[in-house]
Amino acid sequence: MKTADIRLVPVTRTNRPLVTALELAPDQMDFVASNAESLEEAETDEDARPRVVMAGTRVVGFLMYEAPRDDDEARIYRFMIDRASQGRGYGKAALREVLDEIQGLGHVRHVSICYEPDNEAARNLYRSAGFVEEGLDEDGEMIADLALPARTHNS
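Notes on the structure follow. Small disclaimer: the values here were computed from a predicted structure and weren't measured.

### Observations concerning the packing of aromatic side chains
Then, in step 1: The tally for this structure, following the rule as stated, stands at three aromatic pairs.
Then, in step 2: Measuring from centroid to centroid gives 5.3 Å for Y115 and Y126, while their planes differ by 45 degrees, and the two rings are tilted. Of this pair, Y115 sits in strand β5 (residues 110-115) while Y126 sits in helix α4 (residues 120-128), and the two are 11 residues apart along the sequence. Accessibility assignment for this pair places Y115 and Y126 in one class, buried.
Then, in step 3: A ring pair is formed by Y126 and F131, whose centres lie 5.8 Å apart and whose planes are at 65 degrees; its orientation type is edge-to-face. The exposure classification of Y126 matches that of F131, with both residues buried.
Then, in step 4: Members of the aromatic cluster, joined through ring pairs, are F79, Y115, Y126 and F131.

In structure tokens:
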């Protein structure tokens, strides 16, 4: 499977059980909330945009972000790739896809993401995409920010 085959799709009744069945490696469990919790949260948060990470026809990950119309900042606050699909470039490809989706909204100028400071895989992934660490939040998570390029009328 090529990383070019990675795409994001909305969560549906059909793929929801596949999303909740995704697993992290045991040493990653403390890094992100469970997908079931995230999907429950999305049901009550009108700004939440849950997405399934697909590799061809397979569900390989999950992410969720918010991009309120009255804010020029989007926040990616859930992002995981199933333990069986890690190390294949799917995370990097999915991050590229969500950043393209967010930029396509038209009103977002920067994207923030938080992660556990000792999650080196996340730190390296976000840094490689251009995120800049800004420091720890009140919960002790690292905040990183990415300024999106200005849109031209042709794009």
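### Focus on α4
Then, in step 1: For α4, the set of buried residues is A122, R123, L125 and Y126. Down the axis of α4, the buried set is contained in an arc of 165 degrees. They therefore lie on one face.
Then, in step 2: Lining the buried residues of α4 we find β4 (73-81), α3 (90-104), β5, β6 (132-136) and β7 (142-147).
Then, in step 3: Looking one or two residues past α4, G130 carries a phi angle of roughly 105 degrees, positive in sign.

### Quick look at the pairing of strand β3 (residues 58-66)
Then, in step 1: Within β3, eight of the nine residues are buried, leaving the element largely enclosed by the surrounding structure.
Then, in step 2: Relative to β3, strand β2 (residues 48-55) runs antiparallel, the two sharing eight bridges. Of the residues in β3, the one forming a bridge with R51 is L63.
Then, in step 3: As paired elements, β3 and β4 share six bridges and run antiparallel to each other. Each bridged residue has a counterpart across the sheet, and for Y65 the counterpart in β4 is I76.
Then, in step 4: Linking β3 to β4, which pair antiparallel, is a turn of six residues.

### A closer look at the pattern of salt bridges
Then, in step 1: Under the definition given, this model contains nine salt bridges.
Then, in step 2: Between E120 and R123 there is a salt bridge, with the nearest N and O atoms lying 3.0 Å from each other. Here E120 and its partner R123 are both found in helix α4, three residues apart, which amounts to about one turn of the helix.
Then, in step 3: Its relative accessible area of 42% is what places E120 among the partly exposed residues.
Then, in step 4: We classify R123 as buried; its relative accessible area is 13%.
Then, in step 5: Among the salt bridges present, the one from E133 reaches R123, with a minimum N-O distance of 2.5 Å. With E133 in strand β6 and R123 in helix α4, this pair connects stretches of sequence that are 10 residues apart.
Then, in step 6: Judged by its relative accessible area of 30%, E133 is partly exposed.
Then, in step 7: When salt bridges with common partners are traced through the structure, they connect E66, D71, E73 and R75 into a single cluster.

Calculation rules
- Residues numbered from 1 in each chain as written.
- Predicted model: local features only at pLDDT ≥ 70, side-chain atom pairs only at ≥ 80, totals over all residues.
- Heavy atoms only, no water.
- Phe/Tyr/Trp six-rings, centres within 6.5 Å; stacked < 30°, edge-to-face > 60°.
- Helix = DSSP H or I, 4+ residues; strand = E, 2+ residues; numbered from the N terminus.
- Buried < 20%, exposed > 50% of the residue type's maximum accessible area, 1.4 Å probe, protein only.
- Arc of directions from axis to C-beta.
- Contact = heavy atoms within 4.5 Å.
- Pairing = 2+ DSSP bridges.
- Salt bridge = Lys/Arg side-chain N within 4 Å of Asp/Glu carboxyl O.

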